[in-house]
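Understanding the architecture of this molecule
Chain residues, written in single-letter form:
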Amino acid sequence: MSKTRKMLEETRGEAVGALRQTRYFVKQADWLQERCPDGVLRDVEGLVKRVDRATIAVNDRGSRIAQPLPLN
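This text gives an overview of the structure that appears in the document. (Residues numbered from 1 in each chain as written. Predicted model: local features only at pLDDT ≥ 70, side-chain atom pairs only at ≥ 80, totals over all residues. Heavy atoms only, no water.)

1. A short note on the overall build of the protein
Counted only if it meets this: Helix and strand definitions here come from DSSP, where helices need a minimum of 4 consecutive H or I residues and strands a minimum of 2 consecutive E residues; each element is numbered from the N-terminal end. For every residue, the accessible area (1.4 Å probe, protein chains only) is compared with the maximum for its type, and the residue is labelled buried under 20%, exposed over 50%, or partly exposed between those bounds. In this description, accessible areas are obtained by the Shrake-Rupley approach with a 1.4 Å probe, and a residue is regarded as covered only by the protein chains that are shown.
Of the regular secondary structure elements, the protein holds two helices and zero strands. Across the 72 residues in the protein, those meeting the buried criterion constitute 3%. As presented, the protein carries roughly 7,300 Å² of accessible surface, and 55% of it is formed by carbon and sulfur atoms.

2. Here we look at the pattern of salt bridges
Going by this rule: Just to be clear on terms, a salt bridge is a Lys or Arg side-chain nitrogen sitting within 4 Å of an Asp or Glu carboxyl oxygen.
Under the definition given, this model contains one salt bridge. Note that Glu34 and Arg35 form a salt bridge whose closest N and O atoms lie 3.4 Å from each other.

3. Notes on the packing of aromatic side chains
Condition: For Phe, Tyr and Trp, where Trp contributes only its six-membered ring, two rings pair if their centres lie within 6.5 Å, and the inter-plane angle classes them as stacked under 30 degrees, edge-to-face over 60, or tilted in between.
Taken as a whole and judged by the stated rule, the model has one aromatic pair. Between Tyr24 and Phe25 the ring centres are 5.3 Å apart and the planes differ by 75°, which places this aromatic pair in the edge-to-face class.

4. Quick look at a nonpolar patch on the surface
Using the following cut-off: Patch definition: residues with relative accessible area over 30% and no salt bridge; like charges joined within 9 Å; nonpolar side chains (Val, Leu, Ile, Met, Phe, Trp, Tyr) joined within 5 Å.
A contiguous nonpolar patch, built from Trp31, Leu32, Leu41, Leu47 and Val48 and spanning about 440 Å² of accessible area, is present on the exposed surface. Looking at the element boundaries, Leu47 is found in the loop between helix 1 (3-35) and helix 2 (53-60).

Structure representation (C-alpha cells):
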C-alpha cells in the first residue's frame, strides 16, 4: 500500500471515529431531553428518583458506604 493511500486510510479512520463519538453524544443528549424536557431532574421509573438527604440517610443506615459529611 502506498504511503499516500495509507495516510488517507488513517485520516478516514480518525474522521469516522470522531463522527461516531459525536453521534453517540447527540443521541445521549436527545435521550436526556426526551426524559427531562425542561432541563430539570425528575423521577424516571427504573432510572432515577429524586429524594431528600433525610431519605438517603434513612436508607443508608447500616450500609458500609461512607456517610457524606454534613454541609455547614
